[in-house]
Amino acid sequence: MRRILESKGAVDVVYVDLGRSGGQETKLGWAAYDGAVREFAAVLASLRAAGELGPDDVVSLHTVRSDRFLVFMVAGEATSAARRDRLLAALRARIDSAPPTSVLRTLPLSPGHARIHNDPIVRSERGIQQAVAEAMLASLADREGVETERREEISRLITGSGVRAVFHPIVRLSDGTIIGHEALTRPIGGVSFDSVEELFAFAESTDLLMEFERLCRRTAIETAATTTGLGLLFINASPSAVSDPEWAAGGMDEVLAHSGLSPRDVVVEITERVAIVRHDEFQEALRTFKERGYRVAVDDMGAGNASLQSLASIQPDFLKFDTSLVRDIDKSSIKQSLLETLRQLADKIGARVIAEGIEREEELQTLKKLGIELGQGFLFHKDEGISHA
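Residues numbered from 1 in each chain as written. Predicted model: local features only at pLDDT ≥ 70, side-chain atom pairs only at ≥ 80, totals over all residues. Heavy atoms only, no water.

## A short note on unusual backbone geometry
With glycine set apart, most residues show a phi of negative sign, and most peptide bonds adopt trans.
Inference 1: Notably, S161 is not glycine yet its phi reads approximately 50°, a positive angle.
Inference 2: Note on placement: S161 falls in the loop between α5 (124-159) and β5 (163-172).
Inference 3: Residues other than glycine seldom take positive phi values, yet D328 does so here, at roughly 60°.
Inference 4: Topologically, D328 is positioned in the loop between α14 (323-326) and α15 (333-349). (Helix = DSSP H or I, 4+ residues; strand = E, 2+ residues; numbered from the N terminus.)

Now the structure itself:
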């Protein structure tokens, strides 16, 4: 970098921080998060082949095994702001084109920028170090400003009951009969979040999560009460939701009763990772849920490394197989074998199987041949997603 700076006269540095919030690794697990960081590094490296980075530009990690990246760009005819914006636009375009199931799409970019000028009076290494520090501070200021705005946005959603519930049908694959619906939350009106997943991921990093999830649950239940042919109501629950006093102490039972429903009508969905990693913590809470009549589903099966002993002790009523196992299963004998093995596991522990993310008729027919009982996906219901201001 010293040689480049001395020969070119000026260099722009762009600092990109994937892990500033610190919540993504906790939410996803270190293995999935590390995979996303490697995927981002590959995307960043691909910009050179695409001509977005020149032969003298340098891409590096901030530190060894870091989730923070530095891009040093040789100053050219374009202004430093223009080069930075073009680089970030190219990055975001490639991230947006990643598969829908890619964890990379959920990682927020927190960029910062500074310019390094060659000054004979200042040691080059010191000038580079100072510019990197300035870029890091700019990144932090940008992130803090965005986080403050988004926190206020979630507060407005809570105080204004600004969410609605949409329902995705869960069908019996053999004849198309709807046996239940999964309740999903959608904000009312435009929001600054790029996806519902990003909205919940940010809420989970704040002290507003419990209140926000209470609003989502109540909205789902109240909407379900006026929905004909609902069947079972599947409600997603975060780690904090399972231990929420309002739910754990029976407050949600009263909300159900007021809406003409009972715990027997509700299936509480927890992710495979929560079921395994926090198994001991949730064992008693889940037992209490089941005693009151709630059923339990383990979501995202196949997305991680499940402990079969832990799953058996939880005694889930449903196992929901992750979209990554279902997509293009008609073209993959490995996926078919894996899904058949998981189905046999479900049979042994007395759980019903739900395949998620069914989008094509060929996938549906393959799942039926494998003996998968239930499924959901865009083949049965189109989702309007999230809207923006």
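## Let's talk about the packing of aromatic side chains
Inference 1: Under the defined criterion, the tally for this structure stands at four aromatic pairs.
Inference 2: Here the aromatic rings of F234 and F318 are separated by 5.2 Å at their centres, their planes lie at 65°, and the arrangement is edge-to-face. Pair noted here: F234 is in strand β7 (residues 232-236) and F318 is in strand β10 (residues 318-321), with a separation of 84 residues, a long-range link. Like F234, the residue F318 is buried in the burial classification.
Inference 3: Lying across the ring of F289, R292 places its NZ or CZ 5.5 Å from the centre. (Phe/Tyr/Trp six-rings, centres within 6.5 Å; stacked < 30°, edge-to-face > 60°. Buried < 20%, exposed > 50% of the residue type's maximum accessible area, 1.4 Å probe, protein only. Lys NZ or Arg CZ within 6 Å of the ring centre and 35° of its normal.)

## Details of the pairing of strand β2 (residues 58-61)
Inference 1: When β2 meets strand β3 (residues 68-74), the two strands line up antiparallel, connected through four bridges. Each residue of the ladder has a partner; that of L61, found in β3, is F69.
Inference 2: The antiparallel pairing of β2 with β3 creates a hairpin that spans six residues between the two strands, and R65 there sits at a positive phi of about 55°. (Pairing = 2+ DSSP bridges.)

## Re the sheet that holds strand β8 (residues 266-271)
Inference 1: Read around the barrel, eight strands follow the order β5-β6-β7-β8-β9-β10-β11-β12 and close on themselves; strand pairing throughout is mixed.
Inference 2: Relative to strand β6 (residues 178-187), β5 runs antiparallel, the two being bridged by nine bridges. Looking at β6, one finds that A165 is bridged to T185.
Inference 3: Along the sheet, helix α7 (residues 209-224) contacts β5, β6 and β7; its crossing angle with β5, the most-contacted strand, is approximately 60°. (Contact = heavy atoms within 4.5 Å. Axes fitted to C-alpha atoms, helices over the stretch in contact; angles between N-to-C directions.)

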